[in-house]
Amino acid sequence: MAGVVIASPANEPTPNGPNVVPCDKPVGCSKGVDGYNNGNDFGFTCASDGRTTSWMPCQCKDCCHLINDGNTASCS
């Protein structure tokens, strides 16, 4: 999974994805956010301070899930 590290205040959009998902685990999935990725799912990674640090846009709805013991987001 490729990612870009972005530092931004909570709940502000960034150039690569939304920063409005709960970031309490290192990796997660979201069911779409208005105005991002056409409302499709996406995976994300988080920094220890709760910032979203990378996004993996999916091309589908209800398809993002965690694999590798919860360490990787996958779209399928």
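Rules used throughout
- Residues numbered from 1 in each chain as written.
- Predicted model: local features only at pLDDT ≥ 70, side-chain atom pairs only at ≥ 80, totals over all residues.
- Heavy atoms only, no water.
- Core = buried A, V, L, I, M, F, W, Y, C linked by side-chain atoms within 4.5 Å.
- Buried < 20%, exposed > 50% of the residue type's maximum accessible area, 1.4 Å probe, protein only.
- Disulfide = S-S within 2.5 Å.
- Helix = DSSP H or I, 4+ residues; strand = E, 2+ residues; numbered from the N terminus.
- Salt bridge = Lys/Arg side-chain N within 4 Å of Asp/Glu carboxyl O.

Q: Explain the nonpolar core to me, using residue names and the numbers behind them.
A: Listed in full, the eight residues of the largest apolar core are Val21, Cys23, Val33, Tyr36, Phe42, Phe44, Cys46 and Trp55. Counting residues in hydrophobic clusters, the runner-up holds six residues, among them Val27, Cys58, Cys63 and Cys64.

Q: Describe the state of the cysteines, listing the residues and the values that go with them.
A: This model, assessed by the stated rule, comprises four disulfides. A sulfur-sulfur distance of 1.9 Å marks the disulfide that ties Cys58 to Cys75. Between Cys58 and Cys75 the disulfide shows an S-S torsion of about -70 degrees. By sign, it is left-handed. Of this pair, Cys58 sits in the loop between β3 (52-57) and β4 (64-67) while Cys75 sits in strand β5 (residues 72-75), and the two are 17 residues apart along the sequence. Residue Cys58 is classed as buried on the basis of its relative accessible area of 1%. Each bonded cysteine in the protein gets a number by its place in the sequence, and the pairs come out as 1-3, 2-7, 4-8, 5-6.

Q: Residues and numbers for the pattern of salt bridges, please.
A: Taken as a whole, this structure holds three salt bridges when the rule is applied. Linking Asp41 and Lys31 is a salt bridge whose minimum nitrogen-to-oxygen distance equals 3.8 Å. Residue Asp41 is located in the loop between β1 (27-30) and β2 (42-46), and its partner Lys31 is located in the loop between β1 and β2; the two are separated by 10 residues in the primary sequence. A residue is classified by how much of its surface remains accessible, and Lys31, at 53% relative accessible area, is exposed. A salt bridge links Lys31 to Asp62; the nearest nitrogen and oxygen atoms lie 3.8 Å apart. Residue Lys31 is located in the loop between β1 and β2, and its partner Asp62 is located in the loop between β3 and β4; the two are separated by 31 residues in the primary sequence. With relative accessibility at 62%, the residue Asp62 sits in the exposed group. Connected through salt bridges with shared partners, the residues Lys31, Asp41 and Asp62 form a single ionic network.

Q: Any details on the environment of Ser48? Residues and values, ideally.
A: By the secondary structure assignment, Ser48 is in the loop between β2 and β3. The class of Ser48 is exposed, set by a relative accessible area of 84%. Sequence spacing of Ser48 and Cys23 is 25 residues, and the spatial spacing of their C-alpha atoms is 8.8 Å.

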